[in-house]
Amino acid sequence: MTFHEIRFPVEIAFGATGGPERRTEIVTLGSGFEERNSPWADSRRRYNAGYGLRSLDDVHGLIAFFEARHGRLHGFRWKDRADWKSCAPGASVAAVDQPIGMGDGARADFELSKTYASGGGAYQRRIAKPVAGTVHVAVSGVEKLAGTHFSVDAETGIVSFADAAVPPAGAAVTAGFEFDVPVRFDTDFLEINLGAFEAGSVPNIPIVEVRV
């Protein structure tokens, strides 16, 4: 299994539907009470790219992209227009958007993540596919220079500090960034009826997130 560092056509993804999926097992007891459990620690996103097709040129581009990925075989990047950066969609990315760790004076590598919080609950999502050139990092609220103080692996989401810039003990490390979702096609067959498409019918083109 390989991953192609290429983004699905943004103009098609913009009109797609989808979002996060959870898996919850529910057992109803004889008393009427429930026992709920989730075998997944992380959510998984699903999309349908068919809703983003607007023209025959879009269909042609989709077929080329599908063939180059060999159907379900190779993964690729997907821009989720509802959730694609470390802050709200209408805000600007800032180096203090997301906490990604605490310095100890020796640790040089930190993993990008995004925390979703509501009420007393929270979920921390690992970000493995940041968009190159968009990552900002701060230590104790002071922004650092990319290429001088730190580097980012856009294929893994790992921030690595230079030896002279390792965060001191107790220093909060934060980051702001744009990111893609690692996905693959969830079908090996594109069933596209051009007659139905021109009449307004939407083909089913499932996309599913993959763990990387």
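Criteria and cut-off values
- Throughout, a residue's number is its position along its own chain's written sequence, starting from 1.
- This being a predicted model, a pLDDT of at least 70 is required before a residue's local features are given, and a value of 80 or more before pairs of side-chain atoms are given or counted; all residues contribute to the totals for chains, interfaces and linings.
- The side-chain figures draw on all heavy atoms in the structure; neither hydrogens nor water molecules are used.
- In this analysis, strands are considered paired if DSSP registers two or more bridges between them.
- Numbered from the N terminus, helices here are DSSP runs of H or I no shorter than four residues, and strands are runs of E no shorter than two.
- Fitting a line to C-alpha atoms yields each axis, with helices limited to the stretch in contact; the angle taken between N-to-C directions then spans 0 to 180 degrees.
- Cavity and pocket criteria rest on a 1 Å grid covering protein atoms alone: a 1.4 Å probe that fits but cannot get out defines a cavity, protein on both sides within 12 Å along at least 5 of 7 lines defines an open pocket, and an atom within 4 Å of a point defines a lining residue.
- Grid points are joined across faces, edges and corners, and a volume is the space filled by probe spheres set on the points.
- Any residue that is not Ala, Val, Leu, Ile, Met, Phe, Trp, Tyr, Cys, Pro, Asp, Glu, Lys or Arg is counted as polar, Gly included; the first ten are nonpolar and the last four charged.
- Only the six-membered ring of Trp is used, alongside the rings of Phe and Tyr, when aromatic pairs are assigned; centres must lie within 6.5 Å, and planes under 30 degrees apart are stacked while those over 60 apart are edge-to-face, with the rest tilted.
- Burial here depends on accessible area, computed with a 1.4 Å probe over protein chains only, as a share of the maximum for the residue type. Under 20% is buried, over 50% is exposed, and the range in between is partly exposed.
- Any Lys NZ or Arg CZ that is within 6 Å of a ring centre and within 35 degrees of that ring's normal is treated as a charge sitting over the ring.

### Section: the sheet that holds strand S15 (residues 172-176)
Within a sheet, neighbouring strands are paired by backbone hydrogen bonds and run either parallel or antiparallel to one another.
Here is step 1 of the chain: Strand order in the open sheet made by the 4 strands is S7-S15-S11-S12, with antiparallel pairing throughout. At either end of the open sheet lies a strand with only one pairing partner, and these are strand S7 (98-102) and strand S12 (142-143).
Here is step 2 of the chain: Relative to S15, S7 is paired through 4 bridges, and the arrangement is antiparallel. When the sheet's bridge partners are listed, Gln98 is paired in S15 with Ala175.

### Remarks on the sheet that holds strand S5 (residues 44-48)
Here is step 1 of the chain: Strand order across the open sheet formed by 6 strands is S1-S6-S16-S17-S5-S2, with mixed pairing between neighbours. At either margin of the open sheet sits one strand with a lone partner, and together these are strand S1 (2-7) and strand S2 (17-21). Across this sheet, the average inter-strand angle for adjacent strands is 30 degrees, counted without regard to direction.
Here is step 2 of the chain: Bridge analysis of strand S6 (residues 74-78) against strand S16 (residues 181-185) gives 3 bridges, and the strand direction is antiparallel. For Trp78, the partnering residue across the bridge sits in S16 and is Val181.

### Concerning the layout of surface pockets
Here is step 1 of the chain: Quantified by volume, the largest pocket comes out at close to 260 Å³.
Here is step 2 of the chain: Lining the largest pocket we find 17 residues, and of these Asp42, Arg125, Arg126, Glu209 and Arg211 sit closest to its centre.
Here is step 3 of the chain: Considering each element in turn, the lining of the largest pocket owes the most residues, 4 residues, to strand S10 (residues 121-126).
Here is step 4 of the chain: Of the residues contributing to the lining of the largest pocket, the split by class is 7 nonpolar, 2 polar and 8 charged.

### Looking at the packing of aromatic side chains
Describing an aromatic ring pair means giving the distance of the ring centres and the angle of the ring planes.
Here is step 1 of the chain: This structure, assessed with the given rule, holds 13 aromatic pairs.
Here is step 2 of the chain: Arranged with centres 4.9 Å apart and planes meeting at 85 degrees, the rings of Phe65 and Phe76 form a pair that is edge-to-face. Highlighted residues: Phe65 in helix H2 (residues 56-68) and Phe76 in strand S6, separated in sequence by 11 residues.
Here is step 3 of the chain: Judged by its relative accessible area of 0%, Phe76 is buried.
Here is step 4 of the chain: Centroid distance Phe66 to Phe185: 5.0 Å. Interplanar angle 70 degrees. Geometry classified as edge-to-face. Here the residue Phe66 occupies a position in helix H2, and Phe185 occupies one in strand S16, the gap between them amounting to 119 residues. Grouping residues by exposure puts Phe66 and Phe185 together as buried.
Here is step 5 of the chain: Ring pairing ties together the aromatic residues Phe8, Tyr47, Phe65, Phe66, Phe76, Trp78 and Phe185, which thus form one cluster.
Here is step 6 of the chain: Its end group placed over the ring of Tyr123, Arg22 keeps NZ or CZ at 4.5 Å from the ring centre.
Here is step 7 of the chain: The ring of Phe65 is capped by Arg69, whose NZ or CZ atom sits 4.6 Å from the centre of that ring.

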